[in-house]
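Coordinate inspection notes
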Amino acid sequence: MSARTTVASIKAHLADLGMPGSLEVVDSLLEKLDSGVLSPAEAMDQLLAAHTSLRRERRLVAAMRSSRLPSIKRLDSFDFTFQPSIDRHQVLSLHELTFIERKENVILLGPAGVGKTHIAISLAVSAAERGKRIYFSTLSDLVLSLVEAEKQGRLKERLTVLRNPSLLIVDEIGYLPVTAGGTNLFFQLVNARYERGSMVLTSNKSFKDWGEIFGDSVAASAMLDRLLHHCHIVNIRGNSYRLREYPGLSLPQGIAAAPRRGRPRKTLQDPELLPK
Ligand SMILES: Nc1ncnc2c1ncn2[C@@H]1O[C@H](COP(=O)(O)OP(=O)(O)O)[C@@H](O)[C@H]1O
Ligand SMILES: [Mg+2]
């Protein structure tokens, strides 16, 4: 086979395999191979990398359409030095996403502006890039959608839709109180996903205050019982990144006081964080 026929055959294979990213770079990689700029292994690596990076990009674009992710945030733009209470190793290893395979949950706790939503979105982005189905909502929007669905007699369908994604992100637990009906519906959702699909939740309130958020400490305890059964807790104690230009400013705190040195305490044993 002549060199030209071989190249045509490689391109036909790439087209047949649905690898447009690789198809786009194959000519330039072959040139670099011929001129000795790249070794054969490097060229092969770059050919495959072009495919996976385009696939990641496309998956993310598709997920952005259907998942209601408010923005794209990644860990590479997260400044860990600003938030020394975060166990960097824990956050990095959560991004390997084995917690999704194991149907475990992640709860990010901390006051406003410490990066809870940033990390939650970054986990969602990583999951979407790996082809996982994700769905993002604030707690109040989620509850509203459940209440609406119930009113219209579509609760079962709505719960099924929310049970299906591999990862459901529920942001901002604690900013707004939930009605009794809303608590009941959210509990049904937590129950529906229990040991079936992962959730990432963020809250500015300690677990002992969840009874107040949900207006019912028994329901909050039952919910936490399920959520915490297989759960990774990232407890962030520090200052708001939004207000980093105003170092002297002190705000009313949700659960954290001044930044603490060292790693956060193991929170499940922390009586302050357990439900009443
Ligand atoms: N450590 C950090 N490094 C870089 N950006 C950060 C960091 N913490 C927060 N941010 C940014 O600050 C803003 C507020 O963070 P966010 O995650 O929304 O806070 P929270 O959800 O805890 O209230 C966002 O734009 C986020 O990207
Ligand atoms: Mg937030």
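Residues numbered from 1 in each chain as written. Chains lettered and ligands numbered in written order. Predicted model: local features only at pLDDT ≥ 70, side-chain atom pairs only at ≥ 80, totals over all residues. Heavy atoms only, no water.

**Describing helix 1 (residues 3–16)**
Put simply, the rule reads: Strands here are runs of E lasting at least two residues and helices are runs of H or I lasting at least four, both read from the DSSP assignment and numbered beginning at the N terminus. Every helix has an expected span of 1.5 Å times one less than the residues it contains.
The end-to-end C-alpha distance of helix 1 is 20 Å, a good match for the 20 Å that 14 residues give at a rise of 1.5 Å each. Immediately downstream of helix 1, the backbone of G18 shows phi near 70 degrees, a positive value.

**A look at the site of ligand 1**
Just so we agree on the cut-off: The near set for a molecule or strand comprises every residue that places at least one heavy atom within 4 Å of it. N or O atoms within 3.5 Å of each other form a polar contact, as long as, within protein, one can give a hydrogen and the other can take it, and as long as residues adjacent in sequence are counted only when both atoms are side-chain atoms. All accessible-area figures derive from a Shrake-Rupley calculation using a 1.4 Å probe, and residue coverage is judged against the displayed protein chains alone. Residue type decides the class: Asp, Glu, Lys and Arg count as charged, Ala, Val, Leu, Ile, Met, Phe, Trp, Tyr, Cys and Pro as nonpolar, and the leftover types, Gly among them, as polar.
Close contacts around ligand 1 come from 14 residues, with D79, G113, K116, T117 and H118 the closest. For ligand 1, an oxygen atom lies 2.7 Å from a polar atom in the side chain of T117. Considered on its own, ligand 1 offers 560 Å² of accessible surface; in the complex 87% of this is hidden by protein. Among the residues making up the shell around ligand 1, the classes are represented as 5 nonpolar, 5 polar and 4 charged.

**A few points about helix 6 (residues 116–129)**
Stated precisely, the cut-off is as follows: Only protein chains enter the accessibility calculation, which uses a 1.4 Å probe; a residue whose area is less than 20% of its type maximum is buried, one above 50% is exposed, and one in between is partly exposed.
Helix length check: helix 6 (14 residues) gives 20 Å between terminal C-alpha atoms against 20 Å at 1.5 Å per residue, within 8%. The element helix 6 is extensively covered by neighbouring structure, given that 13 of its 14 residues are classed as buried. With its phi angle positive at about 85 degrees, G131 sits one or two positions after the end of helix 6.

**Here we look at the environment of A43**
Inclusion rule: In what follows, residue pairs with any heavy atoms lying within 4.5 Å of each other are defined as contacts.
Locating A43 in the fold gives a position in helix 3 (residues 40–67). In this structure, the C-alpha to C-alpha distance between A43 and V25, residues 18 residues apart in sequence, is 10.0 Å. Contact partners of A43, with chain neighbours within four places excluded, come to L29, L33 and L38.

**A word on the pairing of strand 3 (residues 167–173)**
The criterion, for reference: Only strands joined by at least two bridges in the DSSP assignment are considered to pair.
Most of strand 3 is tucked away, with 6 of its 7 residues classed as buried. Bridge count between strand 2 (residues 134–138) and strand 3: 5 bridges; the pairing is parallel. Across the sheet, the residue bridging to T138 is D171, located in strand 3. Bridge count between strand 3 and strand 4 (residues 198–203): 5 bridges; the pairing is parallel.

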